[in-house]
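Given next are the chains, with one letter for each unit.
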Amino acid sequence: MVLTVKSLGFLFLFAILYGSYISEFFGSVSMILFTRIKSRITWSIKKIGVLCSLSSVYTVLLLLFEFAIGMRRVRGWIFNQNLVWTLISLFGMIFPLLVVICVMVNWVSIKHGIPIGICAALLAVVALQIIAVSFFNNNFNMVLNPLCFNSILLTAPKLMFMKIFTDMLYMAAASTGLLVYIDHMDIL
């Protein structure tokens, strides 16, 4: 299963809502703000932490809504270990994906504005989606492409852990990149 168009809508809703969460401070108030704080790194870590918290809440709500809709469509569903494993796996994939998209939108938005940031994220997601569909059953694609979710992952815990670990690495790399960028940029 590749993330559906409906799911991509939820991803971009989050990006639209919080795509300027960090970048909004780099407009007219940046000089006032950044001359009064001791460390841009500390400030950025707090902002990214809040973004991670918002992403986790959004992911839980998304999964609850999808689960509630699915319950209405399936008769005789069973709350068992497989369902819990699936929900945990989905959380482990969607949460870092939301953070990465939002961090990247904020990063691009600092210099080019929120519309360019959203468009850049959309293009990246569409490209990854095309790759996810083209190489759907490839283990390399399943683990490295954050938009590829194959049911094989649910039956192969080792692959799933590798995928979640890779997604968390993407999140850490994007967050670290934004931190370094903010720390080294000139404030006008």
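Report on the accompanying structure.

Definitions and cut-offs
- Residues numbered from 1 in each chain as written.
- Predicted model: local features only at pLDDT ≥ 70, side-chain atom pairs only at ≥ 80, totals over all residues.
- Heavy atoms only, no water.
- Patch = residues over 30% accessible without salt bridge, like charges linked within 9 Å, V, L, I, M, F, W, Y side chains within 5 Å.
- Areas by Shrake-Rupley, 256 points an atom, 1.4 Å probe, with all protein chains shown as cover.
- Salt bridge = Lys/Arg side-chain N within 4 Å of Asp/Glu carboxyl O.
- Helix = DSSP H or I, 4+ residues; strand = E, 2+ residues; numbered from the N terminus.
- Buried < 20%, exposed > 50% of the residue type's maximum accessible area, 1.4 Å probe, protein only.
- Phe/Tyr/Trp six-rings, centres within 6.5 Å; stacked < 30°, edge-to-face > 60°.
- Axes fitted to C-alpha atoms, helices over the stretch in contact; angles between N-to-C directions.
- Parallel < 35°, antiparallel > 145°, perpendicular 65-115°, else oblique.
- Left-handed = near helix turned anticlockwise from the far one by under 90°.
- Contact = heavy atoms within 4.5 Å.
- Nonpolar A, V, L, I, M, F, W, Y, C, P; charged D, E, K, R; others polar.
- Core = buried A, V, L, I, M, F, W, Y, C linked by side-chain atoms within 4.5 Å.
- Expected span 1.5 Å × (residues − 1).
- Arc of directions from axis to C-beta.
- Polar contact = N/O pair within 3.5 Å; in protein donor to acceptor, adjacent residues only side chain to side chain.

Turning to a nonpolar patch on the surface, a few remarks are in order. A surface patch of nonpolar side chains, amounting to about 550 Å² of accessible area, comprises Met-71, Val-74, Trp-77, Phe-79, Val-84 and Ile-88. In this fold, Val-84 is placed in helix α4 (residues 81-112). A relative accessible area of 34% means that Val-84 is categorised as partly exposed.

According to the stated counting rule, one finds ten aromatic pairs in the structure shown. With a centroid separation of 4.9 Å and an interplanar angle of 45°, the aromatic rings of Phe-14 and Tyr-58 are classed as tilted. Here Phe-14, found in helix α1 (residues 5-18), pairs with Tyr-58, found in helix α3 (residues 40-73); they are 44 residues apart in sequence, far enough to count as distant. When its relative accessible area of 1% is taken as the criterion, Phe-14 is described as buried. Tyr-58 gets classed as buried once you look at its relative accessible area, which sits at 14%. Consider the rings of Trp-85 and Phe-161, whose centres lie 5.6 Å apart with planes at 70°: the pair is edge-to-face. Taken together, the positions of Trp-85 in helix α4 and Phe-161 in helix α8 (residues 157-184) put the pair 76 residues apart, joining distant regions of the chain.

Moving on, we get to the packing of α4 against helix α5 (residues 114-134). Remark: α4 packs on α5, axes separated minimally by 7 Å, with the N-to-C direction vectors making an angle of 140°. In terms of orientation, α4 lies oblique with respect to α5. Between α4 and α5 lies a crossing whose hand is right-handed. Contacts between α4 and α5 involve Ile-101, Val-105, Val-108, Ser-109 and His-112 from the former and Ile-114, Ile-116, Gly-117, Ile-118, Ala-121 and Val-125 from the latter. Tallied by class, the residues present in the contact of α4 with α5 amount to eight nonpolar, three polar and no charged.

So, on to the environment of Asn-106. Here Asn-106 lies in helix α4. Take Asn-106: its relative accessible area is 0%, and that puts it in the buried class. Between the C-alpha atom of Asn-106 and that of Gly-117, which follows or precedes it by eleven residues, the distance is 6.8 Å. Apart from residues no more than four positions distant in its own chain, Asn-106 is found in contact with Tyr-18, Gly-19, Ser-20, Tyr-21, Ile-22, Ser-23 and Leu-51.

Here we come to the nonpolar core. Counting residues in hydrophobic clusters, the biggest one holds 48 residues, and the most contacted among them are Leu-11, Ile-22, Phe-26, Ile-101 and Leu-178. Put simply, the parts of the chain that give this core at least two residues each are α1, α3, α4, α5, α6 (139-144) and α8. Among all residues touching Leu-178, those that are not within four sequence positions of it are Ile-22, Ile-48, Val-103, Trp-107 and Ile-110.

Our focus in this paragraph is α5. Helix length check: α5, at 21 residues, gives a terminal C-alpha distance of 30 Å against a target of 30 Å (1.5 Å per residue), a fit within 8%. Gly-117, Ile-118, Ala-121, Val-125, Gln-129 and Ala-132 are the residues of α5 that are buried. With its buried residues spanning 100° around the axis, α5 presents them on a single face. In this structure, α5 carries Pro-115, Leu-123, Ile-130 and Ser-134 as exposed residues pointing more than 90 degrees from its buried face.

Turning to the side chain of Thr-166, a few remarks are in order. By secondary structure assignment, the location of Thr-166 is in helix α8. Judged by its relative accessible area of 11%, Thr-166 falls in the buried class. Of note is the side chain of Thr-166, whose polar atom sits 2.7 Å from the backbone oxygen of Met-162. Setting aside chain neighbours within four positions, we find Thr-166 in contact with Val-143 and Leu-144.

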